[in-house]
Amino acid sequence: VASRLSGRTSPAMGTYTYTSRPRALPCQRRRYRDSLTQPAEEPIHYGNIMYDRRVIRGNTYAVQTGPLPGQPDPIEIQRQQQAKRRALARKRAQEQLRPRTPEPVEGRKHVDVQTEIYLEEIADRIIEVDMECQTDAFLDRPPTPLFIPAKTGKDVATQILEGELFDFDLEVKPMLEVLVGKTIEQSLLEVMEEEELANLRATQYAYEELRNVELAEVQRLEEQERRHREEKERRKQQQWEVVYKHNETSQKVAARVFAQRYLADLLPSVFGSLRDGGYFFDPIERDIEIGFLPWLMNEVDKTMEYNMVGRTVLDMLIREVVEKRLAMYEHKEDQPPFVQSEDGFSGPRAMRESLMGDEFHEQSASQSQRVLQARDSLQRTPSNRRYMENVSSQERKLTEEEDDEQTERNISGRELL
Amino acid sequence: MSHARVSMYLPPDINPAQASIAYGCRALPKLNEELQSEDLLTRQKALMALCDLMHDPEHVYAAIDIGCLESLKALLKDNNDMVRIKATEVLSIMATHNVGREGFLKHDVILALAYLLNDPQSACREKLHLALKHVAQLPSGAQGIVNSGLIPSLVWKLQREEEEIQGLLLDTLAACLLEDPTEALSNRVVPFLKQKLLSTNDDIRSKAACMLTVVSIPLEGKNQVWQHDVIPILVHLLKDKMEEVQANAAGALMYATMTTQGKYAALDAEAIHPLLNLLCSSLSKARLNATKALTMLAETPEGRKFLRSHVPVFRTLEEDTSEAVRRAARTAIKVIEWKP
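Per an unreviewed UniProt entry, chain B carries the name Radial spoke head 14 homolog and comes from Canis lupus familiaris.

If you look chain A up in an unreviewed UniProt entry, it shows as Radial spoke head 3 from Canis lupus dingo. What the UniProt record of chain A gives under Subcellular location (unreviewed entry) is the line "Cytoplasm, Cytoskeleton, Flagellum axoneme". According to its UniProt record, chain A has this under Sequence similarities (unreviewed entry): "Belongs to the flagellar radial spoke RSP3 family."

As structure tokens, this is what we get:
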């Protein structure tokens, strides 16, 4: 400090020489704790003269002579010592004048008595404690101190004064800049990189969360969709089967009902046709039919034939008779022309003729026709009218019987068929 | 001499371990040449310097441009451990930048890295896996890893490696499985993961659960998860003390219960109660995943019946802070109250 000041102010202060230069006194108080790495530029705290206790401030003509609390005044000390001596002397004097207890009476003795609660043993023996002391065991001889021969030769000293070599602050600046700069640059880069990575990671995390959730939602919906679809398919399948079965059953039922109805008539019709076909027969009836009736018919036929034969014979007889009579009449008629009441008979005759004409068409050529013709000619005679009527009635009966015969023949023919 | 004059002598070598970096644009080419030098010390010093430089993305881009990757690939096969460790460290730092990742893919660095999978030095392997993890964050990077056929060896490594490396491996595999899960699934990744779920390390558990989430995304994965009975373990993990593990386990369950068999397996393992507890968790991811998992379970008739009495809890979730949680709570209520 001094040298610095001297360096600075030497040109100005050249007149005085000091053994100790005037200097501002630093304050002894340390503001902060002594730290290990004391930075060089900590300002030196100088004491302020205004606040220095040693400097008397105020008026100087009435100086307060009170001693400082930290510093004792010598006069005061002396006075205190005298006072002490006097007090001691006084005490000694008073000791002699102090009243004592009176002397004991004849034959009595003062004895000291303890009046406390607990008695105390007073022994004359003084408590003795043994103390021992011993010197250390014999020590080894200490090693000889290093022999440093006395210095010979000439002492040379050198001192590097301020500012002779180099100015550290100036020199170190660029190096420091580079060092610190590079370190900070590198660390900044790395920190930025890490921060960037952390940010990316955070956004990625959030994104992944969202993405996972969305994906899960999508997959769930897909799954749901799939399940619903499958369910629908299955149900549709089931429905199809149900409908199919339904149809089939209804068809079957309808077919069955139809068949039943269709075949309902079958049985009666079968029976009917069988019955018609003659497969169900009453045996008696059958017997009658097979046995009895043909025989009956045969007999009837026979009877009829007899009848017919008889009739034919009769007819022949009649015919002969009639022919003979006709011949006779013709003989007779050749002479008288007979009066024919044809008008009265024309009608019936026409009818009869027509009838007979019809009958001619119907009946096969037989002798009876000729007989009828002959009868027709015979009808002219009114005398034979009743006879003719009889004959005609007989003829009618004959024709009826012939008809009957024919029908009977037809029937028998059919039956025989 | 208190002069402000620069000294004639060069400043002393402050860091003898690093090569001196040239000024400006000469830095990287010079380092590249030094990388290819014959002297071991030069190579090592150059690598240390490169490590520091690679934190700057512009330097990464310039380095790839001048072909540093080729020299680095050659150095990966070096005999010296230090060289290999440092080379993998440089590559891992480059992989944190997007430019670096794309350069990796273009220059087939992944295959070169694969040589070091069995390296004896654990630091080397750790850096290698860190580099692979960063590459896998990029979708095309993950695709590249899958294409290079590394997945079976990585899955195999899951068993053998130490714990920190296992954590890195799980992260890498999770990202790769998002791209192409078939290879990993056919390499028995699910049984390995099942073991990892029971590990004592919290980090490993959480990452294993996260990876199971990714595994359960494809249908094949879901089926395998159900077949290997992982679902009861996941339900057990729902009661884990770490929230991250709980959240990831809920996420895995959310995917695994998508199939009907998964749903019934989860119901048998009594998953509903722990999931309901998770709904009050502080981590929004946990709440979200738990809500979704409960939605899945509510699609079964038994689940629906049980959850109908817990609908008020979902209603409180509808006023949650996160938008995603609100949406999830609404869908959950809709599913629970659905009548066929």
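1. Things to note about the overall build of chain B
Within chain B one finds 23 helices and zero strands. In chain B, which comprises 340 residues, the proportion classed as buried is 55%. Counted over contacts in chain B with a minimum sequence separation of 6, partners at least 24 positions apart contribute 69%. Within the structure as shown, chain B displays about 15,000 Å² of accessible surface, and the carbon and sulfur contribution to it stands at 55%.

2. Focus: the overall build of chain A
Within chain A, the regular secondary structure consists of eight helices and zero strands. Secondary structure elements of chain A, listed N to C terminal, follow the sequence α-α-α-α-α-α-α-α. For chain A, with 417 residues in total, the buried portion stands at 10%. Intrachain contacts of chain A at a sequence separation of at least 6 include 43% that bridge at least 24 residues. Surface accessibility of chain A: about 38,900 Å² in total, with carbon and sulfur atoms responsible for 57%.

3. Notes on the interface of chain B and chain A
On the chain A side, the residues contacting the 42 residues of chain B number 31 residues. Interface area, chain B with chain A, both sides summed: about 3,000 Å², of which 55% is carbon and sulfur. Along the contact surface separating chain B from chain A lie four salt bridges. Between E299 of chain B and R227 of chain A there is a salt bridge, with the nearest N and O atoms lying 2.5 Å from each other. Mapped onto the side of chain B that touches chain A, the elements with two or more residues apiece are helix 2 (40-53), helix 17 (243-256), helix 18 (260-268), helix 20 (284-297) and helix 23 (323-336) of chain B. A breakdown of the residues in the side of chain B that touches chain A according to their chemical character gives 18 nonpolar, 14 polar and 10 charged.

4. So, unusual backbone geometry
All names here are of chain B. The phi torsion at D108 lies on the positive side, around 55°, for a residue other than glycine. In this fold, D108 is placed in the loop between helix 6 (98-107) and helix 7 (109-114). Although it is not a glycine, R188 adopts a positive phi angle of roughly 65°. As for its position among the elements, R188 is in the loop between helix 12 (182-186) and helix 13 (189-197).

5. Topic: the packing of aromatic side chains
Under the definition given, this model contains four aromatic pairs over all chains. Ring plane angle 20° and centroid distance 5.8 Å describe the contact between F258 of chain A and Y262 of chain A, whose orientation is recorded as stacked. Of this pair, F258 of chain A and Y262 of chain A both sit in helix 3 (residues 168-264), four residues apart, which is roughly one turn of the helix. In terms of burial, F258 of chain A and Y262 of chain A fall into one category: exposed. Sitting over the ring of F192 of chain B, R188 of chain B keeps its end group 5.9 Å from the ring centre.

6. Here's the deal with the confidence of the model for chain B
Per-residue confidence for chain B averages 85 on the pLDDT scale, and 97% of its residues sit at or above 70. Across the interface, the model reports ipTM at 0.76; the global pTM reads 0.53.

7. Some details on helix 15 (residues 219-227) of chain B
One full turn of an α-helix is made of 3.6 residues, so residues set three or four places apart face in the same direction. Along helix 15 of chain B, the residues classified as buried are G221, K222, Q224 and V225 of chain B. One face of helix 15 of chain B carries all of its buried residues, which in axial projection span an arc of 165°. Of the exposed residues in helix 15 of chain B, those oriented more than 90 degrees away from the buried face are L219 and Q227 of chain B. On its buried face, helix 15 of chain B sits against helix 3 of chain A together with helix 12, helix 13, helix 14 (202-215), helix 16 (230-237) and helix 17 of chain B. Of the residues trailing helix 15 of chain B, D229 of chain B is marked for its positive phi of about 60°.

8. What about the UniProt feature "coiled-coil region" (unreviewed entry) in chain A?
Per the UniProt record, "coiled-coil region" (unreviewed entry) is found at residues 211-241 of chain A. From the first C-alpha to the last, residues 211-241 of chain A spans 44 Å; its make-up is 100% helix and 0% strand.

9. Here we look at the pattern of salt bridges
What the rule picks out here adds up to 31 salt bridges over all chains. D155 of chain A is paired through a salt bridge with K151 of chain A; the nearest N and O atoms lie 2.4 Å apart. Exposure class is identical for D155 of chain A and K151 of chain A. Each is exposed. One network of salt bridges, with partners in common, ties together E217, R220 and R227 of chain A together with K263, K292 and E299 of chain B.

10. Looking at the nonpolar core
In this structure, M54, L72 and M94 of chain B are the most contacted members of the largest nonpolar core, which totals 119 residues. For this core, the leading source of residues is helix 17 of chain B, giving nine residues. Apart from the residues within four sequence positions on either side, M54 of chain B is in contact with E193 of chain A together with L28, H59, V60, A63, V90, I93, M94 and H97 of chain B.

11. Brief notes about the packing of helix 3 of chain A against helix 4 (residues 266-276) of chain A
All names here are of chain A. The geometry of helix 3 relative to helix 4 is characterised by a closest axis approach of 5 Å and an angle of 20° between their N-to-C directions. In this view, helix 3 runs roughly parallel relative to helix 4, as classed from their interaxial angle. In this structure, helix 3 contributes Y262, L263 and A264 to the contact, and helix 4 contributes L266, L267 and P268. Counted by class, the contact of helix 3 with helix 4 contains six nonpolar, no polar and no charged residues.

12. As for the confidence of the model for chain A
Detailed conclusions should not be drawn from predicted coordinates in areas where pLDDT is low. All names here are of chain A. Residues at a pLDDT of 70 or more form 70% of chain A, whose mean pLDDT is 76. In this model, residues 1-11 is a region of pLDDT below 50 whose contacts with residues beyond four sequence positions or in other chains number one contact. Across residues 357-365, confidence stays below pLDDT 50; counting only partners more than four residues off in sequence or on other chains, it has 11 contacts.

13. Observations concerning the environment of Q121 of chain B
Residues and elements named next belong to chain B. Tracing the backbone shows Q121 in the loop between helix 7 and helix 8 (122-136). Accessibility expressed as a relative area gives 27% for Q121, which makes it partly exposed. Residues Q121 and I85 lie 36 residues apart in sequence; the distance between their C-alpha atoms is 7.9 Å. Apart from residues lying up to four places away in sequence, Q121 is in contact with D81, R84 and I85.

14. Let's talk about the packing of helix 17 of chain B against helix 20 of chain B
Residues and elements named next belong to chain B. Contact pair helix 17 / helix 20: the axes reach a minimum separation of 8 Å and the direction vectors enclose 30°. In terms of orientation, helix 17 and helix 20 fall into the roughly parallel class. Helix 20 is crossed by helix 17, and the crossing has left-handed handedness. The residues of helix 20 that touch helix 17, namely those facing E244, A247, N248, A250, G251 and M254, are K285, A286, N289, A290, K292, A293 and M296.

Conventions and cut-offs
Residues numbered from 1 in each chain as written. Chains lettered and ligands numbered in written order. Predicted model: local features only at pLDDT ≥ 70, side-chain atom pairs only at ≥ 80, totals over all residues. Heavy atoms only, no water. UniProt positions renumbered as here; feature names shortened; annotations may be inferred. Helix = DSSP H or I, 4+ residues; strand = E, 2+ residues; numbered from the N terminus. Buried < 20%, exposed > 50% of the residue type's maximum accessible area, 1.4 Å probe, protein only. Contact = heavy atoms within 4.5 Å. Areas by Shrake-Rupley, 256 points an atom, 1.4 Å probe, with all protein chains shown as cover. Buried area = accessible area lost by both parts, 1.4 Å probe. Salt bridge = Lys/Arg side-chain N within 4 Å of Asp/Glu carboxyl O. Nonpolar A, V, L, I, M, F, W, Y, C, P; charged D, E, K, R; others polar. Phe/Tyr/Trp six-rings, centres within 6.5 Å; stacked < 30°, edge-to-face > 60°. Lys NZ or Arg CZ within 6 Å of the ring centre and 35° of its normal. pLDDT = per-residue confidence, 0-100. Arc of directions from axis to C-beta. Core = buried A, V, L, I, M, F, W, Y, C linked by side-chain atoms within 4.5 Å. Axes fitted to C-alpha atoms, helices over the stretch in contact; angles between N-to-C directions. Parallel < 35°, antiparallel > 145°, perpendicular 65-115°, else oblique. Left-handed = near helix turned anticlockwise from the far one by under 90°.

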